[in-house]
Structure formats: structure tokens, C-alpha cells
Amino acid sequence: MTEGDRLIREIRNCNVVVLHPPDEDRVILSHQLRRIGCRVSEIWPVEDASLDGADAIYFLANPDQSPDLNRLSDKHDSALIAVVSYENPLVLQAITNIGVHGVITKPVRSIGVFANLITALSIFKYEGRLNSRIAKLDETLKSRRMVERATRILAEHQSITEDSAYALIRTEAMSKQVTISEMANSIINTDKIFKK
Amino acid sequence: MPDLKSELGENGRDTYIPIGVLFSQSGPMSVTEMAHLKGTLMAIEEINKNGGIDGMLLQPIIDDPKSDPATSRKLANKLLTQDQVSVIFGCCSSSIRKAVLPIIERHGALLFYPSFYEGFEYSPNIVYTGATPNQTVIPLVELLFNRYGKRFAMVGSDYIYAHEINRIVKEFLIESGGSVVTELYIQQGADKEKFKLVAEKLAMFSPDIIFSTVVGVDTAKLYDSCQEEGIEARNCPIASLTTSESELAGMCEESRCGHITALPYFQSVKTDENQKFQSLYQSKYGSDDLPCVYSETTYSQVHILSQALSRVSSLAPEALLSAIEGIQFHAPQGSIMIDPDNNHTYLTPRIGQSTAEGTFEIVWQAPEPIKPDPYLVAYDRTIATI
């Protein structure tokens, strides 16, 4: 099953929060979301209402009438979709700053909501996968730098080649059952103490 | 209904309510849409004969979109602007519905759409009176599993309907241990030679079932070619969601027997309403013409509009829709009702096996009307096997 298949099938277990004052657009949006199988909660005014457990959040983005946007920009566990009535730069800046995953324009039409939600969810999930990959790569890069430094320290200290120094660190790490980067870290720390 | 009468300009004599009728009388969908047209005209005539709607008569304005999306769009626009209709009965294939939909929405009009289609749509300006995939696909696949097996060969007309229906069927197949041995698509209107090649390929895979989403005039070419290729309906029937009596009528006797179709109506349905419907149909179109689901659905949807019109004195879609909500119409197929959640129709699916005479023997029917679920919200994609 592809990612797209999964997303479409899981729509019926999807929790969607709609942060929008009651009006005709909210009725059309919420009805269509329910029609495609989502569980919908409508919240207005927003204030400090809980947004936990939302897979996607639709929020009104009007200069004079939107929920606390700072709060939404800190929200990293839901897809964010702005509902806009003005396409002026002020609004567009605000929603790009938050990093929305989709936009839907007023007047809201039933047709388009399904495609909009699927796109936003798929971008949100993709973004999540990229972010966790970046975090892992960061970690790898940091540990590689550490291992290189520890290898140089050890080679110098013991007058051995860097290859042998690396092999030594690896063997030590394995016998002590720690990761190579942890081993490297303790070598670097020990070296710091000696240099004091 | 003083409002509507004055709106339509009462002239002391008959007042007419103009109604747009947009079914293709030529092109690859004509065999199906001529049946749509027959049912529509029959209902209009019946209603007018019985005094119309509060004395006002329905006046059909009939245009032929020739199975072409661009022409359909142009004609819908013409009906809504020049002829000033606000209700259109019409469209069959999804490509044409999609072409007409923006025009209907822009003019705030109402389209009564009578076809079975692939679902995943809702417009507040469309009343969908055909079946949705949950109503017919699921019972059909279940019956095929239990009777014939789980190896499906898929063949379809190359457009959204066939691709989406096959996607849905595959979801159910794969979750339930079935398999797709091949999947072929043919351009609409392809010649008989192409179908012969397709039948050859299908035979090579010796599947348990040929699952066809070939529509319209091409249907007969497929069934005839499969028969000529020696594929026997006894061992490997062609299963369809659109092959009705009107499609069977275009086939050879040898090739139309023993195949399986799931639809909400067959000519052989036993209800009092169907008896009346059939005799009315045959008195208008001749005794050798059999009514099929396409005429039945369009017949019913005109009656639903007529009942809604006599409840509200307005042609405004919102007013009509809210009137339609409460209507339970005793159609030839049984009781039907529009679901206010999604504007699709509660109806009773049936499965028929075709006979050499060009009719269907009903081998299964739902015990009660099934809720339409155009977005397949309520299904986990598995099929129960006995």
C-alpha cells in the first residue's frame, strides 16, 4: 500500500479541529469534512482551548480575526491549513511564517476540501519524515566529528597510525558495550583533563 | 403556488415549467443515455397527463450533447441562460458531469444525475440518484468470491470511472486474499478488432472472473468478443456494474447469457410499481423494448422533482433540496430516498444473472435500502467469504 492509499483510507479516523467563527463557510467546511469521514471539532473563540490529538487544524487567518498565531506556529504535531478571505501580503506573510501545509479560500466550496486535506496531511507527514531524518543526520555528523578528534588524540598519544587508533576505539567501545561516539567522547574528555 | 406561477409569467392559459434535459442521443454513450431519455420523457408525460404540478406543466427542453464534454458544457450553459431553466436532468459519464458541474454551481441551478459513478464527490447543486460503489460493488465482489473465485481479470473503458472503480475493487480484493491477474483499458469507441485482441489476452490468463468497467456501446463488443474467444460464462462470467437490459439488447444471444450485473433495478423486479412502470413504458415504446435501470432511475428522479415542486413554490435549489429531503418515493425498484447528508440515494441493490432472452434473473437482493456512502467512510475494505 502506498503512502497515498494509506492517507486516503485513514481519513476516516482523522481528527480535525476547525478554528473558525460560526458562519456559512464553517458549516460547509465541517459538513464536507464529516462527509469524507473525519471527526470534526469546531472551536471558537479559541483562547486556550486544547488542540491536542488533532491530525489537522483548519484556522481562520484574517488580520482582525484569527486565533493566536504564535501558538499555532509552535504546534508541530498537526497539519495546519489556513482559511483565508484576503489574499493580501499581510495575511500571506503571516501564514508563511507559521509554515502552513495548505490554504483554503473563502467562500469555501465542498468540492476541493478532500484534495486540500489530503495534500496538507501528505506534506505534513513528509515534512515530519524529513525533520526526523535531518535530526538523525545531525547526530551522525556530530558523532563523526567526535570520533575523528578522538582518533587524532589517541594516535598522537600512543604514536600509532590513525587507522590503528580508530580500530582501538572500536574494540574498546565493543568490549565496554558503548557506542563508538560515547567512547570517543570519553577520550576527548580525558584528554581535556590531562591538558589542564 | 402563486409565487412560482407569477415567476413563470402566467398567461391565463397553461403555465409551463421549463426543464433542461441533457442526454446523449449519439456517440459511445448513446445506448445508455437513450434509455435515460426515455424514462425522463415518460415521467414528464405521465405527470402532465395527470394535471401537472398544481396546474403547471413540465416542459422538457431537450439537447443532445453527443457524448462530448465540451458540447455538454456549452449546452448546459445555453439551457441555464437562454432557456432560463433552473433544473437539468442529465449527464451520464463522469467526464461530462465534471464538465457541467461548474456551470451548474455558477448559476445556482440543480442537476439531477441518474448514473452509477465512482463516488468521491458531493456538490450541493447535484442530486445523485444512481447507486454509489458501496451499494453495488461490495455485494457484487462478495457474491463473485463465493461463487466463482478470487482471480480477477479487469477490463475497462479508459476514463476515470473504470480506473477508480478498479482501484476500489482492488482494495477489497487485496484485503480479502484475492488477486488481479491483469488489468486492461480500452479507449471508448474502439472498434471490434481491438476488443478481439483484448478477449484473446483475457483468455490467456484464464481468470475466475472478468470484471468489466467497459461502458455504453462498447459493452456489447466486449461480451461478443469474449464469447467468440471461447470464454464460457459458466466458468468465467463477465461481472459489471453498468450492463443492463439495454446493453444486453445489442449483443448476440449466445454471448449475453450467464453474466453477472449488480444494479438497483432489473426489469424482472417484482413490485406493483414496476408492473405499472413496465406497462406504461411498453405502451409508449413498444412491447419488444425492455425498460432498464437507466429509464427507471430517470423516471423516478422526475417524479421526485415533481413531488418537491408541489411542496415548495420555488425552483431555487436550496428550497427544492430541503423539500426533497423528506420524500420517500415508491419507485419501480422499491422505496428510494435522498440522503440529506450527501445528496445521494438510499436504494436496494440487486445482483442479476443475464439470460439468453436479454433479461436478468435476480440472484440476490439487499433486505432493505442501503445508505449511500460516496466516500466509503464506513468500510474497512474486507469482504466476508462463506
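## Points about the overall build of chain A
Right, so step 1: Looking only at helices and strands, chain A has 7 helices and 5 strands in total.
Right, so step 2: Its helices and strands taken in sequence order, chain A reads α-β-α-β-β-α-β-α-β-α-α-α from the N to the C terminus.
Right, so step 3: The C-alpha atoms of chain A give 25 Å as radius of gyration, which overshoots the globular expectation for 196 residues (16 Å, by more than 25%).
Right, so step 4: Each principal axis of the C-alpha atoms in chain A carries an extent, and together these give about 80 × 40 × 25 Å.
Right, so step 5: Burial analysis of chain A (196 residues in total) assigns 29% to the buried set.

## Let's talk about the overall build of chain B
Right, so step 1: When helices and strands are counted, chain B shows 12 helices and 15 strands.
Right, so step 2: Dimensions of chain B along its principal axes, counting C-alpha atoms only, are 70 × 40 × 40 Å.
Right, so step 3: Taken across its 386 residues, chain B has 54% of its residues classed as buried.
Right, so step 4: A sequence separation of at least 24 residues applies to 73% of the contacts in chain B between residues at least 6 apart.

## A word on the domain arrangement of chain B
Residue and element names in this part refer to chain B.
Right, so step 1: The domain architecture assigned to chain B consists of domain 1 (2-132 + 271-346) and domain 2 (133-268 + 349-365).
Right, so step 2: The C-alpha-based centres of domain 1 and domain 2 are spaced at 28 Å.
Right, so step 3: At the level of elements, helix H2 (30-49), helix H4 (94-106) and helix H11 (293-311) are the ones that each hand at least two residues to the side of domain 1 that touches domain 2.
Right, so step 4: Broken down by element, the side of domain 1 that touches domain 2 gets its largest block of residues, 4 residues, from H2.
Right, so step 5: In terms of residue class, the side of domain 1 that touches domain 2 is made up of 13 nonpolar, 9 polar and 2 charged.

## Topic: unusual backbone geometry
Right, so step 1: The linkage connecting Trp44 of chain A with the following residue, Pro45 of chain A, adopts the cis geometry, with an omega of -5°.
Right, so step 2: Looking at where Pro45 of chain A falls in the secondary structure, it is placed in the loop between strand S2 (39-43) and strand S3 (56-60).
Right, so step 3: A cis amide bond links Lys106 of chain A to the next residue, Pro107 of chain A, at an omega of -5°.
Right, so step 4: Tracing the sequence through the fold places Pro107 of chain A in the loop between strand S5 (102-105) and helix H5 (113-158).
Right, so step 5: Its identity is not glycine, yet Ser67 of chain B carries a phi of approximately 60°, on the positive side.
Right, so step 6: Mapped onto the elements, Ser67 of chain B comes out in the loop between strand S2 (56-63) and helix H3 (69-81).

## Concerning the domain arrangement of chain A
Right, so step 1: Under the domain assignment used here, chain A contains domain 1 (3-111) and domain 2 (133-195).
Right, so step 2: Just the C-alpha atoms count here: the centres of domain 1 of chain A and domain 2 of chain A sit 48 Å apart.

## Quick notes on the packing of H5 of chain A against helix H6 (residues 162-176) of chain A
All names here are of chain A.
Right, so step 1: Running from amino to carboxyl end, H5 crosses H6 at an angle of 110°, the nearest separation of the two axes being 8 Å. Viewed along their axes, H5 and H6 adopt a mutual orientation that is roughly perpendicular. The crossing of H5 and H6 is right-handed. Across the interface between the two elements, Val147, Ala150, Thr151, Arg152, Leu154, Ala155 and Gln158 from H5 touch Glu162, Ala165, Tyr166, Leu168 and Ile169 from H6.

## Concerning the pairing of strand S7 (residues 179-186) of chain B
Right, so step 1: Where strand S6 (residues 151-157) of chain B meets S7 of chain B, 7 bridges bridge the pair, whose relative direction is parallel. Residue pairing for S7 of chain B: Met154 of chain B is matched across the bridge by Glu183 of chain B.

## Things to note about helix H6 (residues 160-175) of chain B
The α-helix winds at 3.6 residues per turn, so residues separated by three or four positions along the chain end up facing the same way.
Residue and element names in this part refer to chain B.
Right, so step 1: For H6, which comprises 16 residues, the first-to-last C-alpha distance of 23 Å matches the rise-based estimate of 22 Å (1.5 Å per residue) to within 8%.
Right, so step 2: When H6 is considered as a whole, its buried residues turn out to be Tyr161, Ala162, Ile165, Asn166, Ile168, Val169, Phe172 and Leu173. Mapping the buried residues of H6 onto a view down its axis gives an arc of 160°, with all of them on the same face.
Right, so step 3: Among the structural elements, H4, helix H5 (133-147), S6, S7 and strand S8 (209-213) are those in contact with the buried residues of H6.

## Thoughts on the environment of Asn343 of chain B
Residue and element names in this part refer to chain B.
Right, so step 1: Mapped onto the elements, Asn343 comes out in the loop between strand S12 (334-338) and strand S13 (345-346).
Right, so step 2: Owing to 25 C-beta atoms within 10 Å, Asn343 belongs among the buried residues under this scheme.
Right, so step 3: Spatially, the C-alpha atoms of Asn343 and Glu46 are 25 Å apart, while their sequence positions differ by 297 residues.
Right, so step 4: Once you skip the residues sitting within four places of it in the chain, Asn343 turns out to touch Tyr122, Ile126, Val127, Tyr128 and Ile338.

## Considerations on the confidence of the model for chain B
Right, so step 1: Mean pLDDT for chain B: 93, with 95% of residues reaching 70 or above.
Right, so step 2: Interface confidence for the predicted complex, given as ipTM, is 0.74, next to a pTM of 0.85.

## A word on the sheet that holds S2 of chain A
Residue and element names in this part refer to chain A.
Right, so step 1: Read across the sheet, 5 strands follow the order S2-S1-S3-S4-S5 without closing on themselves; strand pairing throughout is parallel. Only two strands of the sheet have a single partner each, and these edge strands are S2 and S5. Here the average twist between neighbouring strands, direction ignored, is 20°.
Right, so step 2: Where strand S4 (residues 79-84) and S5 come together, 4 bridges link them in parallel fashion.

## Remarks on the sheet that holds strand S14 (residues 350-354) of chain B
Residues and elements named next belong to chain B.
Right, so step 1: One open sheet holds the 7 strands; their spatial order is S7-S6-S8-S9-S10-S14-S15, and the pairing between them is mixed. For this open sheet the edge positions go to S7 and strand S15 (360-365), each flanked by a neighbour on one side alone. The sheet shows a mean angle of 25° between the axes of neighbouring strands, direction not considered.
Right, so step 2: Summarising the sheet, S14 and S15 pair through 5 bridges and their orientation is antiparallel. Note on S15: the bridge partner recorded for Ser354 is Phe360.
Right, so step 3: With respect to the sheet, H5 is in contact with S8, strand S9 (238-240), strand S10 (260-263), S14 and S15, its orientation differing from that of S10 by roughly 150°.

## Looking at helix H2 (residues 24-35) of chain A
Residue and element names in this part refer to chain A.
Right, so step 1: Over its 12 residues, H2 runs 16 Å from end to end, which matches the ideal 16 Å to within 8%, given 1.5 Å per residue.
Right, so step 2: For H2, the secondary structure elements touched by its buried residues are strand S1 (15-19), S2, S3 and H5.
Right, so step 3: Gly37 occupies a position one or two residues after H2 and carries a positive phi of about 110°.

Conventions we followed
- Residues numbered from 1 in each chain as written.
- Chains lettered and ligands numbered in written order.
- Predicted model: local features only at pLDDT ≥ 70, side-chain atom pairs only at ≥ 80, totals over all residues.
- Helix = DSSP H or I, 4+ residues; strand = E, 2+ residues; numbered from the N terminus.
- Rg over C-alpha atoms; globule rule 2.2 N^0.38 Å.
- Buried ≥ 20, exposed ≤ 12 C-beta atoms within 10 Å, placed from the backbone.
- Contact = placed C-beta atoms within 7 Å.
- Domains from an automatic or database assignment.
- Nonpolar A, V, L, I, M, F, W, Y, C, P; charged D, E, K, R; others polar.
- Axes fitted to C-alpha atoms, helices over the stretch in contact; angles between N-to-C directions.
- Parallel < 35°, antiparallel > 145°, perpendicular 65-115°, else oblique.
- Left-handed = near helix turned anticlockwise from the far one by under 90°.
- Pairing = 2+ DSSP bridges.
- Expected span 1.5 Å × (residues − 1).
- Arc of directions from axis to C-beta.
- pLDDT = per-residue confidence, 0-100.

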